[in-house]
Structures are given as structure tokens and as C-alpha cells.
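Here is how the chains run, residue by residue.
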Protein chains: 2
Amino acid sequence: MRMLLAIFLLGALSCSSSMDYQDHPNLILTGKGVQAMRASFGKVPLFDETIETTRAQVDAAIARGIDVPMPKDLAGGYTHERHKSNFFTMQKAGVLFQITQDERYANYIKEMLLQYAEIYPKIDKHPAERSYARGKFFWQCLNDANWLVYTSQAYDCIYDWLDTETITKLNQELFRPYAEFISIENPQFFNRIHNHSTWGNAGVGMIGLVMKDEELVNWALNGLDQKVPGDFVKDNDGGSIQLEGQKEAGFLAQLDHAFSPDGYYTEGPYYQRYAMYPFLIFAQGLANEKPALDILNYRKGLLIKAVDALINQTNAAGEFFPINDAQKGMSLSSRELVNAVSMAYHYGDNDPTLLSIIAEQGKVPLNDSGLAAAEAIAQGNAKPYEYKSMELTDGANGDEGAIGILRKGQLTLMMKYAKHGMGHGHFDRLGFLLYNDADEVIQDYGSARWVNIEHKDGGGYLKENTSWAKQTLAHNTLVVNKDSHFDGKVDVAEKSSGTPYFFSSAENLKIVSAKELNAYEDVQMQRTMGLVDIDELENPLVIDMFSVFAPAGTRYDLPVYYQGELMSTNHNIEIQKDLIPMGQESGYQHLWLEGQMDLQKDAFSMTWFNKKNFYSITSAVEAGDKALLTRIGANDPNFNLRRDAGLIQRRTGGNTLFANLYEVHGRYNYSDEIPINSFSSIASVEVLHHSADYAVISIILKSGASYLFAFSQENADENQSHSLQLKDEKLEWTGPTYFSKRTKN
Amino acid sequence: MRMLLAIFLLGALSCSSSMDYQDHPNLILTGKGVQAMRASFGKVPLFDETIETTRAQVDAAIARGIDVPMPKDLAGGYTHERHKSNFFTMQKAGVLFQITQDERYANYIKEMLLQYAEIYPKIDKHPAERSYARGKFFWQCLNDANWLVYTSQAYDCIYDWLDTETITKLNQELFRPYAEFISIENPQFFNRIHNHSTWGNAGVGMIGLVMKDEELVNWALNGLDQKVPGDFVKDNDGGSIQLEGQKEAGFLAQLDHAFSPDGYYTEGPYYQRYAMYPFLIFAQGLANEKPALDILNYRKGLLIKAVDALINQTNAAGEFFPINDAQKGMSLSSRELVNAVSMAYHYGDNDPTLLSIIAEQGKVPLNDSGLAAAEAIAQGNAKPYEYKSMELTDGANGDEGAIGILRKGQLTLMMKYAKHGMGHGHFDRLGFLLYNDADEVIQDYGSARWVNIEHKDGGGYLKENTSWAKQTLAHNTLVVNKDSHFDGKVDVAEKSSGTPYFFSSAENLKIVSAKELNAYEDVQMQRTMGLVDIDELENPLVIDMFSVFAPAGTRYDLPVYYQGELMSTNHNIEIQKDLIPMGQESGYQHLWLEGQMDLQKDAFSMTWFNKKNFYSITSAVEAGDKALLTRIGANDPNFNLRRDAGLIQRRTGGNTLFANLYEVHGRYNYSDEIPINSFSSIASVEVLHHSADYAVISIILKSGASYLFAFSQENADENQSHSLQLKDEKLEWTGPTYFSKRTKN
């Protein structure tokens, strides 16, 4: 009897502790972490809410039943979207099983995985043939890799709950062949330095960690010792399969090459967001299973820095700068960032300002990071995140261009002089974008794509992405002789980057200046932009000096894509009776010319209104300048392009300086109808000097006050003194920038 | 000594009680009300907050100093906006003086009024000559009347605090002449049935109440016994100065004529909102000073009903339907509605559902109504306002057309078959608009105007308001033979109204049907729209049957102005290489034809996306039909028009039925990029029968299910039985509507 009781107790003990001391979960969840989560029930609101939301989603999916259809559709189609929702749901079900110990969740995953194991040996490559690396369940290996990244987490959560026979079946008939398919059977996908490969590496590595399959983990970390067959040269986006001089591959090489030391990702924040998930989630698995690798401190904590870089590439609504190929509206609230920001909090240095972003996201990942962040928020530790002005370098060594971000008051200005960004890059050297709080003032078009929306060519890139969105004309930068930068050739653009010249985040005078010497033959361009406080203005003034050195007779088009409704200009608009496309190529074929102005006055001025504020541009005018009012939408047979407005300053000449000022002013709302400060405060802007060495402008306000801005274009040394004779006065200053109110005009 | 003490005590007593039992304030504030407000300090959050906000505004204005400039500018210009802000500030300062007893506020008003009294005798009519009734401080008497409505309130608040000499001066040198100017000196302004006159009547009446000037009060209530000189025929908006058969004028006549018995105002909600303020605020003064008039129960409590009618003419964001001349975005949060809704609560029957609207407004008027509402909200009495389907009749007797509002789930559909709406009316008989929650699905353009924004022609109506916004083509209704309704003539349109035919707010089948027999010669039109639940659809389906009887060879254009980006159609779009205006007049001169489709299939289908949802239209096709994709913006030299998209169904024929279905379906957001239900569920819509008596369509879903909708077009009797032989089946039903799932196809 005593013996029996002992056995019973032992059984009970081993049963109750079976989840605590086992091998799995140990990928993203850990036994210890799961205990903490269970202990937190009812005490940590944000965590509780996320569990409840997740439970509702998964319960609804379970109620709808399992479907593992034969692959057929492209993105947006049923089979694609179903397999996608399957892996999201399995991952969530796995976490719920661990937290709630409700076996319904484990059974759901087991049943679905067995159906996948059933079907996998029977299917060949996906029937759609458009990808350079066709997948099996999806049209491209990339999506198959997504599946594995999420599904390996689910598998880890039920691994020890499964019987040996099922494990053996799944390992041998589903997961190992699946991992081989997206690695050794598709090296042109797996062995790149590219976000596609990051997903591939992470998927293979994570399932390897779960299965304790060291070979897979090794492939994932270090790449394949295998040459990519020579017939794979480009991917579907025009990106090179093998980078020039690329010797390494695998996850560690991605970490070495994909990010700059500042955590900037050359494809831009839209793709960085996408790539961050596999980077971080695999890193978390490695931290748990391979602590000796110390992956989270790799390259001085690069992964955490990368999250911070990403947070800083947003407007006030948390939406990423839509540079390069990017769908607008992608933001810090995306699932990838929900994971990333909590991880950065937990594995970084518990920065309390990250908590305010997490609180704004309104949910946390259901893991150690999420619990830590939710607990800290519940304890009232959150502090506002402080967005700063910063320059983020590009290139693995940080010496291949950069983007400069200036912030002041409600304004955010971003200028791009980075690398091209591979297949997803746009020909936008020295382009800029400007936000007033969350509102676009001067917009970047983003990509011509409706991601995953089947109506629009299956959700992939539309042909207008190449013919319009990537072209220089679609950006707020200089188009020379009607051609895009680098003649629109990615290979050529990839060979060089913009050249950072000067960056200052000084409180009273925030400046970014960069050069572009390669985009056009015989043309040297330098753009200098500043955010300056002027007593007479309610908001900081944006100064924009675009300096060009080029042969006489060069045709310049300097577009800005303003958002809103045109209020007035100081020139008469000659409107077009009929609309004719502005050209045949380089994006001009997509622009209608709605109206134009022959600029006669000293300065051109235009005011527009958007949502709640007024905006004005004032431009220095040279003889023969024109201002063109344009509308996107010509040659657009499937109505793929937005009918957005543009303003192009057109000039023909040689060496020249474009001097523009942007004001954000006043307000108006439709329910009180009282306009405040609806007019520009600027009377004029004049170019006082332009040479290779210096650019000098004067800013004349309607109040009569005037300001002088001078910039040294060839020597950015902070200690260098400068002396320059203007028509009526001699300027002397030290450092690259001079800005001062003038005592007399 | 005893005598002296008695006198001293008497003085002290009369001093301390001087505010309690005196004559003023008794216009909007009352002595008793003010006591209650003072007693409420710190106890009623919404009232406290409103006081604090108001105090901050007025203190800032006092700090800026007084300026009473010589009149010069149009709306949007300095002198106009300054005089406008002066009267708003004086009104607020008056209330603050009464509530806080801080004499700074009284002194500010006194000082400003003395400056007005100083300048008034010296100025002639405003220098701008564009108004049919030029004001003095403003370019039109209307604005001078606005000034008096607000300023009389301020004057009432300090009346008893002023010395007799100042009162005499202000009464004789400012207010009496001011009141005479906008009444007997401008009868063409004062003696109309029009919102302009409402302001005039209220201003004159209110200052009369303050000054106890019975003559002024009598003019205000009953109009002038004075004929309008014959050279005043039209106002600046093309509205008639004297209505046909108009015998009366003045405030009581406005109440008799301006509203229908349902509280609908023929100019539409934008102007009703504007007119409600003088209607209600003068009524409040009359209720206080002339209780015997029982004005708030006039015409069975018409004024309170009117507020309710106004609340019901909004979308989910509280924005008014932008019918007739209306700037979009005007909403329940406007200052006029802040006053109106609290008054309706307080003087109505304390409807707790109004409190939720007041809480949403976030402020209350600083008077008895506002205090009552704020107290009730503080006590937790607010209940959600329930927006219902309703028909609001037009015309003083409710027999001149109507608007029909159908609401179901998130959808709001409004069809207009009312009177023309005088000078602010649009040629939009049988037009409709559709909202999904707060989002426009099918939009009304609104007016072509930027109210008060000086950039845009001084903030007045732009010429495109007539050439585009008022034209039938700018609305979602039928254009016959390229001409607007009534050939675009207001006088003719004013002679008749649309004809309500059937309205049902039944839960399962909400229907509105109306006829228009006068808009075009020899053309009889009837539109029947419904919101129906269909099991297979996630949202109610919108049915739209537009029945026309006209001679053979008639050219029909049926436009809909959809909001959003086109996703796909089921026909190939033939795009235009160059864009050419679609015509010379009737609005066609402002439309570009971007692309067209020769409709070949049984049904035309198009899907678009806006903000977060997908939308589809499915249309029955007849041989020769075309679908045109249009863009507003041709012949627009000042860029006054928005570049909005349109879809026109074009047909040439005689008697015909346009059958259209609208679906709201699915969702998508840019941060998860997962499209849900992005395709229409409708396979086709077919016209099974069309005669003078009946219209019958079948709705075929992609699921294979089909529904039949039949409507009796000549007999709307709920008890009438109908029998109709279709090709394959015989239909029998009772009442005007038949709707049922078909058992076989």
C-alpha cells in the first residue's frame, strides 16, 4: 500500500513536472519562461489581453476546421492564403498549448502537421513558374521558408507531447526533406545575401534546433559549401543572385553584410521590417539553444541596434519612410515589429522608452520578451520614445552612403544618399521626403504594388513599379536631361553610393548635405537641406539648396510631390486644354501636364492645403524657368497608379543652384471654418552666390526681415574659417554653415 | 448716525444682490442660471473644462489687445476675420464675466463696444460691392447680423454693470442704428424666407430684447411692413429674394416656412446647421423674455425636432450629408451644434441619448442648457444615440418631396427627392450617397468652395460651383441627353419637388422609392433603392433600380462617384492616349474620360478599395452599353476641383431599367497586408421584367444562390396583391415589394 502510494505520487510528480524539465520547448519559449507566463495570469493586462485575442483567433480557426489544400494559387489566391494562415495559426496554437496546457491546441497542430506530412512527398514544385526559386506549397521558396520559420515554433511547442512514432514520421517525411528543399535543392535561394535567404537560413536553422539536427543548423549559420549554378543570375526583382565578391553565405554572413554598423538595412525599412522577424526569431532560438554563440551581442549588439534604426525611420504615426520598394502604411504595429520591439526591450538594456511604443502597439509577443515588456508597462515604467535627428550609414562597413533624418518640432525631413538597395532600390539619389507630424508634406510614391491583393496582378510588383515608381522622376530629386539616374540600370547603380558630406543635429541649425557624383555622366550634384528656426515663423523653415555642376544646355527637372489641394500661386497658370503624356520613357510617359507657368518674378511661390494645415514653397527663379503642374496617371491601362499631384521646376542651363524653401503654416478645420495664417510669410528667396566652394542664399520675409544662409560645399571641417565677398558685403565664418538674420537688406 | 448706517446697509445689500434680482442678464443667461453655474464649480467636469478652455481663449485675446479696424477685406482677409473674432470673443467674455464676476471681462467688452460705437457713425457701406446686401463691418449684411447675434449676448451680460451714460451712448449710437441698418435699410436682406434673414431677424430681435426695444422685437418676430424694392430679384447665389406667394416675413414666418414638419430645412443640413444657431439662440432669449410666446413649443416643438433631423443627417463621424451647397466635413462638432444639441436636451425631454453626442462634442455651451447636459453626463446618464432609418419630408407642409435615409449595420444610404433648395440647391433629383461607417463609398461632391479661405476667391463660392458642383452630372443620378435637370434653371426647379413613392424601414427590407416627373420633358424617372440582408454576404446589399420612361434614342449617363482606388473590372479597359474634356457644358467640360469599356458580358462588375474595405458594383448590361471611367479636373484654371474618380454607365434607348448592386466587403490593412474577402460575391444581376407597373431583377451569387427582387412601381399600397408572369415563373405577392431567395434558377 505504501509502495503503491509512492508510485502514484511519483507518477503524479513526474506528470506535473514533465513540462518543466524537458528538452522542449527551447526554441522561442523555454520551460522556465512558460512557468512565468502561467504565474502571470490576471496580473499583466497587456499580456492577458494578447492571450485572449490570440485564443479567440485560434479557437475560431479550430472551429473552421483544418484544410491543407493542394498548392495552386499565387499570392492572394485561396491555396496561398490558406497555407499562410495555417502557419500563423499553428505558431499561435503552439504557444497557447504551452501557456494553457489545453491539449486541443496540441492536437490541432499534430493533425495539421500529419496532413502536411501526407501531402508533402506527393507534390512537386508549385505550378506557377514565375519565380527564380519556386517553392512547393507556395509559388516561391521565400513563402515556403516563412512557413518553416513559423511552423518550427509550433513543432517545438508540442515536440515532447508527441509520441516517438509521430516525431519520427514528421522529422523524416516532412521536416528534413522540407529543409533540404529550400537549402541544398535551391542554393540560388539559400546562399544569397538577401532577405529571401535570411528567411531560408532561419527556417532551416530553427527546424534544425528543434530536431537537434546539427547539419541543418550548420547550413543555416554558415551557408552551403555549394556553388550556385551559373544560370541563376537575377531574381524576379532584378536583384543579383550573387553579389560581387561574395564569399560567404548563411545567417552569420547575412548579419555581416546586410546591415550597416548603425543597423540600417540597404533595402530600406519596409524590407528591414520583413527581414527583422527571421533575424530576431532565429537569434532567439540560438540564444536559447546555442548560448555560446552569444548571437545577440554579435557585431556589438547589431540586432538590437537594427530595431532602433527601424523605429527611427518612421513618421509620427509609426509608419515607415516608404523609400525603395515599400507599400505605404506599413508601420510599427506590424506583427514583425510587435516581436522586434519587445525583444529589443528584453534583450537590450530594458530601455523604458521602448515601452511606450509597445503600449501603442497594444499587444506583445507571447514569449519571455513580451511578458517582460508587458510587466514593465503594468508597473508604469513606460517613458515617451524620443525621436532624434540622426544619420544612418549604409554598407556593411558604414562607408557606402547614408540616410539623414532631421527632426524639429512636428517636422521630419529625410534625405537619402545611400546605396541603391539592390533589386528593390529606386533611382532616388539625393531625394527627400517631409512630414508634418504624421501627414506627408512632400511624399515618396512608394512602390506600385498592392501587396497580396490578387486583383492587382496577384499582389506582386506591377509593371508600373519599374516604369514609374523606381524612376528618378517619381522622386523628389533632380532629373537631368529627361533620364533617370544611372540610366535606370540597377547594376550600375549598385557600384557606388551617395557621398555623405555634412550632418549636424545641432538644436538651432539642423543640416544634412550630401553629394552624388555618379548618377549622371559629367554632372556633379550636391544637396544641402536644413531645418532652421526663424523668429517670424510658427514652425521651423525647411531650406533646400540643390547645387549642380554640368555642361551648359543641360535640361533640369526638379519635381516635388506635394500632398493636398493647390490653394494659389503667385503666377498665372496656363492650363492645358487636352492632356498629353509628358514623354515616352523614364516615367514621363506616366505624367500628365495639367498646367504650366513661365516664371517671370524673382521668386515662385505656391501654397497648398492638406488635412489641417497650409504649406508653401518659395523658389528662387532664373530667367527661362518654368513651373509645371503634373498629375500621375497617363499610360496606366489597369489604373494601377494614384492620381497624385506634382510640381516640377524646369530649368535649362549649366552650373546652377536650385534654392527652395518649405513652410508649414496655419491651420483650418471644416467644422469651425476659421483659417489661421493661411499665407506664406516668405516674400522671396535669392541666390547670392554659387560656386564649387560656396552656396549662399538670402531669405526675405514679408515682414521685411531677412536671413542669410551660406554653406561651404567643399570643406566641411568644423574648424575651417571661410571668407566670401558678396556684392554688398563680406561674409566671414567658421565651419561649413553660416546662418544669421541680416541687420540690413 | 443710525440713518447713515441704514443707508450704508441698504447700499451693501443692493450691491451684493444686484446680480441676482436685476433685469440682466436675461437673454441667454439668467440670474438664476448664473447662480447655478457658480455653484457647480469643480463638480461638473465637462462644464469646468469648457469654462477653462473658454477662459484660456479669452485671456489670450485680451492679452493680444483690442483692434476694431476700418472695414476693408472680404472673408478670409484681416478686417473680416478680426471683426468676426471680436464678436466671438465678446460673447465668451460676457459669459465669463457673469460666471466668474471678474471685471476684466466686462471692461474688455465695454472698451471694444465703445470703439465700435466710435467708428460706426463714420463708416458707410463696406467697400466690396459684390453682395446684394452690403454690410458695414463686413462685405454682406449677413455677417453684420452674425455680429449682432453674438454681441447682443455680450451686451446683455454687462448691461447692468454699465453706467447709464455708456448704455445710452451704445444704444443710441451703435445698437439702434446698427439694427435699423440690417432691417429697414436693407429689407431685401431682412424680409426674406432664407437663412440670411433668420440671422437678421435674430440679431435685431435679440438686441431689442436687451434694450427692451419693442419695435425692434416686433420687426424681428413679424417682419417689416415694407415692400422690397423691385430691383432686388436674386441674391448672389441665384436665390430669389421674394418667394412666389410669400406674404409674411420675420422670425415666426421663418419658422412657418423654412422647416418641414419633420424639421428638415430645404437648403440641406449644411445651411440648417448654420441657421440653427440664430433660430435657437433667439428662441432661448424669447423663452426668457417673452415666455407667453411659448416659442419652444411653436409648431409642436419644431425647433427641437429640427435638431433631431440635423443629427440624423450625418455619417458615423457626425459629418453632415454634403447635399446642396455644403462644405464637406462640417459636423456635429461645430459651434452651432454644440449649442443646439444641449438646448435640445435641456428644452426637449431630456433625451439621454443626446448626451452621448454632447460627450463626443467634448464641450457644452456656457448656459443653462450646457450646465444641465454636463451635469447629466457627470451623473452617468448618457446613452448611445440610435440612428434610425427615416424619411424627412420637405416643404412647410411636408408635402414637397423628402429625403430618405436607410441605415443597416455599418451602412448609411441617403436618397434625395426633395425641393430644389433655393439658391443653394443642386440639380440632383433622385441622387444618392452611401457611407460605410464614416467612409464615403459613393460621394456627393459637395460645393466647390473653400469657406473663408482667401486664396480661393475670398472664401466664397467658386465659379466651378455652378459649372460643376451644381450640375446633375456631378451627382449620382441620371443625366438625360447631356443636360442637367430643369436645364440647370433654378426658377424652374423651384416650382416642383421630387415625389415620394414608398419608404419602409422594415428590419429585413429597407426600401426607399421616389419619382421625378419634371426634371426632363417627356421623361419619367423612378428610383428604388434598398438595403437587404443576404445570408451569403457579410454586409447588407444595396439594390438600386433606376426606371426610366422616355422616347427611343434618348442618351442616358448614370454616374457614380466612387471613393478609392480601382482594383479590377470584368471588362478590358480601353484607355485614352490623350485626355480630352467630355463636353462643352452641363459639367461635361470638367470631366476627363480616362478609359472606357464596351460592355459585352451579361453584367458589368468593378471592385475598388478605400481605406480599409473593398467595394463592388455589379450592373445589368444592355446591348450597346458602355462604362466610362472619368476624372474631374478639366477646364479648371485655378485648380479648384478635386481630381476625383467617377464611373458612368452610358446607354442609348427608350424605356429602360438600370439595375445596380453595391457590396461592401472584406478588409485589408497596410500593416498586416492580409486581404480578406477582396472579391465580389455577386456573379450577375439581370432585369427580368420592366414595365410601368413593375420592375423585377434577379441577383445571382457566385455561390450559385439567387434572389429575386420585384417592385410595384404604380401602386404602393401595402395591402395590394400583385401577380406577374415572368418567363419561367409566376410571381404573386402583396404590398409593393417582393424579395426572396429563389428555390431554382
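Everything below is about the structure shown above.
This paragraph deals with the interface of chain A and chain B. Between chain A and chain B, the contact holds 56 residues from the first and 56 residues from the second. Together, the buried faces of chain A and chain B total about 4,700 Å²; carbon and sulfur atoms form 59% of this surface. By the criterion of area lost to chain B, the three top residues of chain A are His455, Phe639 and Glu673 of chain A, representing 17% of everything that side buries. At the surface where chain A touches chain B, the tally comes to 2 salt bridges. Its salt-bridge partner being Arg643 of chain B, residue Glu594 of chain A comes within 3.2 Å of it at the nearest N-O pair. At the boundary of chain A with chain B, the tally comes to 23 residue pairs in polar contact (both at pLDDT 80 or more). Secondary-structure elements contributing two or more residues to the side of chain A that touches chain B are α4 (78–100), α12 (269–289), β12 (565–569), β14 (591–598), β15 (603–610) and β17 (626–632) of chain A. Broken down by element, the side of chain A that touches chain B gets its largest block of residues, 4 residues, from β12 of chain A. Of the residues belonging to the side of chain A that touches chain B, the class tally is 25 nonpolar, 14 polar and 17 charged.

We now examine helix α14 (residues 335–347) of chain B. All names here are of chain B. Its 13 residues give α14 an end-to-end C-alpha distance of 18 Å, which sits within 8% of 18 Å, the value for a rise of 1.5 Å per residue. Burial analysis of α14 places 10 of its 13 residues in the buried class, which makes it a mostly covered element. Taken residue by residue, α14 has Glu336, Leu337, Val338, Asn339, Ala340, Val341, Ser342, Met343, Ala344 and Tyr345 as its buried positions. Looking at the buried positions of α14, the neighbouring elements they touch are α12 (269–289), α13 (298–312), α15 (352–361) and α16 (368–378).

Quick look at the packing of aromatic side chains now. Applying the stated criterion across every chain, the model contains 88 aromatic pairs over all chains. With 5.9 Å between their ring centres and 20° between their planes, Trp608 of chain A and Tyr615 of chain A make a pair best called stacked. Look at Tyr668 of chain A and Tyr670 of chain A: their rings are 5.7 Å apart centre to centre, the planes differ by 90°, and that puts the pair in the edge-to-face class. Using a relative accessible area of 25% as the deciding quantity, one classes Tyr670 of chain A as partly exposed. Taken together, the aromatic side chains of Phe87, Phe88, Phe138, Tyr150, Trp199, Tyr270, Tyr271, Tyr274 and Tyr277 of chain A make up a single cluster linked through ring pairs. Note that Arg651 of chain A overlies the ring of Phe658 of chain A, its terminal NZ or CZ placed 4.3 Å from the centroid. The ring of Tyr461 of chain B carries Arg449 of chain B above its face, with NZ or CZ at 4.4 Å from the centroid.

With that settled, consider the pairing of strand β5 (residues 439–442) of chain B. All names here are of chain B. The pairing of strand β4 (residues 431–436) with β5 spans 3 bridges and is antiparallel. In the strand pairing of β5, Leu434 is matched with Ile442. What sits between β4 and β5 in their antiparallel hairpin is a turn of 2 residues, with Asp437 showing a positive phi close to 60°.

Our next topic: the relation of the copies chain A and chain B. Overlaying chain A with chain B gives an RMSD of 0.1 Å, the required rotation being 180° about an axis along which the chain moves by 0.0 Å. Each copy turns onto its partner about a two-fold axis. Closest approach to the rotation axis among the C-alpha atoms of chain A is made by Leu579 of chain A, whose C-alpha sits 2.4 Å away. When the interface residues of chain A are mapped onto chain B, 100% of them are again interface residues, pointing to one common binding face.

Conventions we followed
- Residues numbered from 1 in each chain as written.
- Chains lettered and ligands numbered in written order.
- Predicted model: local features only at pLDDT ≥ 70, side-chain atom pairs only at ≥ 80, totals over all residues.
- Heavy atoms only, no water.
- Contact = heavy atoms within 4.5 Å.
- Buried area = accessible area lost by both parts, 1.4 Å probe.
- Salt bridge = Lys/Arg side-chain N within 4 Å of Asp/Glu carboxyl O.
- Polar contact = N/O pair within 3.5 Å; in protein donor to acceptor, adjacent residues only side chain to side chain.
- Helix = DSSP H or I, 4+ residues; strand = E, 2+ residues; numbered from the N terminus.
- Nonpolar A, V, L, I, M, F, W, Y, C, P; charged D, E, K, R; others polar.
- Expected span 1.5 Å × (residues − 1).
- Buried < 20%, exposed > 50% of the residue type's maximum accessible area, 1.4 Å probe, protein only.
- Phe/Tyr/Trp six-rings, centres within 6.5 Å; stacked < 30°, edge-to-face > 60°.
- Lys NZ or Arg CZ within 6 Å of the ring centre and 35° of its normal.
- Pairing = 2+ DSSP bridges.
- Least-squares fit on C-alpha atoms with pLDDT ≥ 70 in both.

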